[in-house]
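Listed below, chain by chain, are the residues.
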Amino acid sequence: MRRPLLAALACAITFSALATGAATAPAADHKPVTITFWSAYTTRELHDYQLAFVGFHKKYPWITVKGTGNIQDDKITAAINGGNAPDALLSFSPNNTGKFCSSGAWQNLNDRIAKEKFNLTQFPKVALSYSGYKGVQCSLPALADAYGIYMNTAMLKAAGFTSPPKTLSELTTMAKKLTVRNPDGSLKRVGLNPLFGHYETISDGLRQAYGAPWFDAKGQPVLSKDPRWAAMLKWQKALVDWYGYDKLRKFTAASADEFGASNDFEIGRVAMQYDGEWRTAFIKNEHPELKYTTAPFPAADGQAAQYGSGPIAGDIVAIPKGSKHPDEAWLLIKYLASDTDAVVGLSNRLRNLPTTKAANSSPKLDKDPNFAPFFKIFTNTKSEFNPLTPIGQQYGDTFQAFATKWQAGKVSDLTKGLQGLDKQISDELKQASAGNAP
Amino acid sequence: MAATAISPAAARARRRRRRRTRTYGLAFLFLSPWIVGFLLFLVYPMVASLYFSFTHYDLLNSPRWIGLANYKYMLENDPFFWQAVRNTAWMIVIGLPLRLFWALMTATLLTMKVSGQRYYRTLYYLPTMVPPVAAALAFTYLLNPDLGPVNGVLAHLGIPGPLWFFDPSWSKPALVLLSLWGAGDAMIIYLAGLLDVPQTQIEAAKIDGANAVRRYWHVTLPSISPVIFFTLVTGLIWTFQTFTEAYVAGNTTSGQKDTLGEPQGSLLFYAIWLYQQGFRYFNMGYASALAWVLFGATMLCTLVLIKSSERWVHVEGNQ
């Protein structure tokens, strides 16, 4: 009698252990637990983001999330090294994903994903490109940014334009016609400010317009080898020169803070502006009277296939090494990245793009005709995030430093300059891999 | 029993030893907080960073030994390093002497017997109390080419104002203006030195027929040369580490975070490049190598100054 009883007991224990392990491994006894979550959000956005924790707590009542904002990657790194890492985190800088994934500083989620059959295809391909590195999925995309062009419809109408530019030639014509000069020749209103380094106008938007690649298949930079880079820089410089570099610089010097209520586009100092989808929320809050429209950034002439795409960036959520409640943290990041209502709520409040296909088609998503084009840009198969490399964003900075000299007319030989740039980025890559086994 | 007997002399020596040990022990006990702090927060980080400078260390993976590769890369393949060196050298060669000269002249004026002198002293010293970030922000506004009052005044006078922090030729001079405005720290030291110049010597020179300029050159300056030496050395070390004002001004005017010394790298100072490498690119091994080169350069320049001081610093009792 005793043996069957023991066997039954053992079976029961094993079954219950397996069952709890598979379904609700974390805090199977549902003891109340508080987990920590760090993000780079601040002020209003931090508050809006953390409202998602209310829904999470409703779903998992035994888990309370304590959020902290204004934490950038350097602080996260220091905390991981110092053994004070939070349970979960959100980063604004997917450029560093390669480092965090390959070093194990962010936990590899592959086992959890496989065990729970978590569907990664619910995210667009581009979002997966910056949340994992070389087969290691160490973070999940949670909201994204896409870039396009904003146009002041009243100004466009007055100048006789009724549709957005689709090529850079059209954009040039519009930018020139929409520009207004003061009697002394200084700039009163600018059609489109093409200065690299101003607001969001960095190389990425133009690179996308040309479809110019950063690296070849071997991971070596091709800025001097691919003619599209030179063409892109020449187009930008020609427009800068048309305004006059010094005049444009002076005009830009008077620009207010990008994220303030006096942003150039919002107050009509510029007729068109390259910007991210979040600007729609700023305009709604600060200048609801502004009549404007949005569209993908035009493609370069001869690169029509690029039209509709744009550069993509995004937030990623991860579990760092040293997380004291990794199972609960997994529930949280999974919720923030894939719970349709949570993602829709975050998108509606922050006006960032929802990262799952289900959230994209949710009826609860706020309808806004000016926001809609960014969904299309986000899901366009040619939209890209900059390639992840062992040097993070250093190659982008290196290019930007070159581009600001170029636009000022300090580069006399562009071919030579781009060759030097290739060498420099190549050297940076070499330096980062120094000491590695061949 | 006889074998364990201790002679009185040996007993005295032992007592002395014990007393000495107790005294040293007590001294060591009182010193221990400093010693622990010194070892933990200075010696250990310095040794660690020296080791890291010979490694590739990204703060996340274990350091990887690469010998002198970081130093070689710095000298042969990193154009930003040389740009940062040039910008820092400019500040040392032009900015620092200007700042010290300005502080000395201000202090000299403040020694004159005019009414309300104490208010002037307070007024000139006050900018030193302003946090560097706030000061830099204020100057980016004051020197804004389009909206700033400085260019506004210049325009009224019919002079076209420069682009200041938006122009690579004017960004460093703008930074020097900011440093002149905040030169109160050096000014107050000079003032103390000037007030300490023996009046008897000045009067003697006057009797000998020396005019004001000669008295200043031959009596006042030699008398305060130790003070000048002190401000020169501390100013040199400070200038080698130029960071906050340039970083804030560069990022504010470009509207971007973590730029490489905008405009066009003209505000990329050595400490900024070191910071970017360490905390933006997580290239801590290379940042450590940069830090050690900075330490070496600072040390070398300081030693040269100390050596040269034998020729021009007049200490009482010496030539």
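Keep in mind the model is a prediction, meaning the values are calculated, not measured. (Residues numbered from 1 in each chain as written. Chains lettered and ligands numbered in written order. Predicted model: local features only at pLDDT ≥ 70, side-chain atom pairs only at ≥ 80, totals over all residues. Heavy atoms only, no water.)

1. A word on the side chain of A:Ser139
All names here are of chain A.
Argument step 1. Within the element layout of this structure, Ser139 appears in strand E6 (residues 139-152).
Argument step 2. In this structure the side chain of Ser139 is engaged in a polar contact, spanning 2.7 Å, whose partner is the backbone oxygen of Ser131.
Argument step 3. When neighbours within four sequence positions are excluded, Ser139 is seen to be in contact with Thr97, Trp106, Leu109, Ser131, Ile316, Val317 and Ala318. (Helix = DSSP H or I, 4+ residues; strand = E, 2+ residues; numbered from the N terminus. Polar contact = N/O pair within 3.5 Å; in protein donor to acceptor, adjacent residues only side chain to side chain. Contact = heavy atoms within 4.5 Å.)

2. A look at the domain arrangement of chain B
Argument step 1. Here chain B is partitioned into domain 1 (1-37) and domain 2 (79-312).
Argument step 2. A straight line from the C-alpha centre of domain 1 of chain B to that of domain 2 of chain B covers 53 Å. (Domains from an automatic or database assignment.)

3. Comments concerning the packing of aromatic side chains
All names here are of chain A.
Argument step 1. Under the counting rule described, the total for this entry stands at 47 aromatic pairs over all chains.
Argument step 2. Taken together, a centroid distance of 4.3 Å and an interplanar angle of 0 degrees make the contact between Phe100 and Trp106 stacked. The same class applies to Phe100 as to Trp106, namely buried.
Argument step 3. With a centroid separation of 4.8 Å and 55 degrees between ring planes, the pair formed by Trp214 and Trp229 is classed as tilted. Of this pair, Trp214 sits in the loop between helix H10 (203-210) and helix H11 (227-243) while Trp229 sits in helix H11, and the two are 15 residues apart along the sequence. In this pair, the class of Trp214 matches that of Trp229, namely buried.
Argument step 4. Taken together, the ring pairs in this structure connect Tyr147, Phe259, Tyr274, Trp278, Phe282 and Phe297 into an aromatic cluster.
Argument step 5. The positively charged end of Arg181 is found above the aromatic ring belonging to Trp242, 4.9 Å away from the centroid.
Argument step 6. Over the ring of Phe371 we find Arg351; its NZ or CZ atom is 3.8 Å from the centre of that ring. (Phe/Tyr/Trp six-rings, centres within 6.5 Å; stacked < 30°, edge-to-face > 60°. Buried < 20%, exposed > 50% of the residue type's maximum accessible area, 1.4 Å probe, protein only. Lys NZ or Arg CZ within 6 Å of the ring centre and 35° of its normal.)

4. Re the packing of helix H5 (residues 132-142) of chain B against helix H7 (residues 171-181) of chain B
All names here are of chain B.
Argument step 1. Across the interface, H5 lies against H7 with an axial gap of 11 Å and an inter-helix angle of 125 degrees. On the basis of the axis angle, H5 is oblique to H7. The handedness of the crossing between H5 and H7 is right-handed. On the side of H5, the interface is formed by Ala135, Ala136 and Phe139, while H7 contributes Leu177, Leu178 and Trp181.
Argument step 2. Looking at side-chain class alone, the contact of H5 with H7 contains six nonpolar, no polar and no charged residues. (Axes fitted to C-alpha atoms, helices over the stretch in contact; angles between N-to-C directions. Parallel < 35°, antiparallel > 145°, perpendicular 65-115°, else oblique. Left-handed = near helix turned anticlockwise from the far one by under 90°. Nonpolar A, V, L, I, M, F, W, Y, C, P; charged D, E, K, R; others polar.)

5. Observations concerning the state of the cysteines
Residues and elements named next belong to chain A.
Argument step 1. The tally for this structure, following the rule as stated, stands at one disulfide over all chains.
Argument step 2. One disulfide in the model links Cys101 with Cys138; its S-S distance is 2.0 Å. With the S-S bond torsion at -85 degrees, the cross-link from Cys101 to Cys138 turns out left-handed. Residue Cys101 is located in helix H5 (residues 97-103), and its partner Cys138 is located in the loop between strand E5 (136-137) and E6; the two are separated by 37 residues in the primary sequence. Residue Cys101 shares its accessibility class with Cys138, and that shared class is buried. (Disulfide = S-S within 2.5 Å.)

6. Observations regarding the pairing of strand E8 (residues 187-192) of chain A
Residues and elements named next belong to chain A.
Argument step 1. Looking at chain direction, strand E7 (residues 180-181) and E8 are connected through two bridges and run antiparallel. The residue of E8 that forms the bridge with Arg181 is Leu187.
Argument step 2. Connecting the antiparallel pair E7 and E8 is a turn made up of five residues, with Gly185 showing a positive phi of about 95 degrees.
Argument step 3. In this structure, E8 lies alongside strand E9 (residues 270-276), joined through two bridges in parallel fashion. Considered in E9, the bridge of Leu192 is made with Met272. (Pairing = 2+ DSSP bridges.)

7. Concerning the domain arrangement of chain A
How big an interface is tends to be stated in terms of the accessible area lost upon association of its parts.
Residues and elements named next belong to chain A.
Argument step 1. Each assigned domain of chain A is listed with its residue range as follows: domain 1 (2-145 + 313-379) and domain 2 (146-311 + 386-432).
Argument step 2. Centre-to-centre, using C-alpha coordinates, domain 1 lies 33 Å away from domain 2.
Argument step 3. Listed by partner, the interface residues are 27 residues for domain 1 and 25 residues for domain 2.
Argument step 4. With both chains or domains summed, domain 1 and domain 2 bury close to 1,900 Å², and 59% of this area falls on carbon and sulfur atoms.
Argument step 5. In terms of surface lost to domain 2, no three residues of domain 1 exceed Asn370, Phe374 and Ile377, which account for 34% of the buried area on that side.
Argument step 6. The tally of links between domain 1 and domain 2 comes to zero salt bridges. (Buried area = accessible area lost by both parts, 1.4 Å probe. Salt bridge = Lys/Arg side-chain N within 4 Å of Asp/Glu carboxyl O.)

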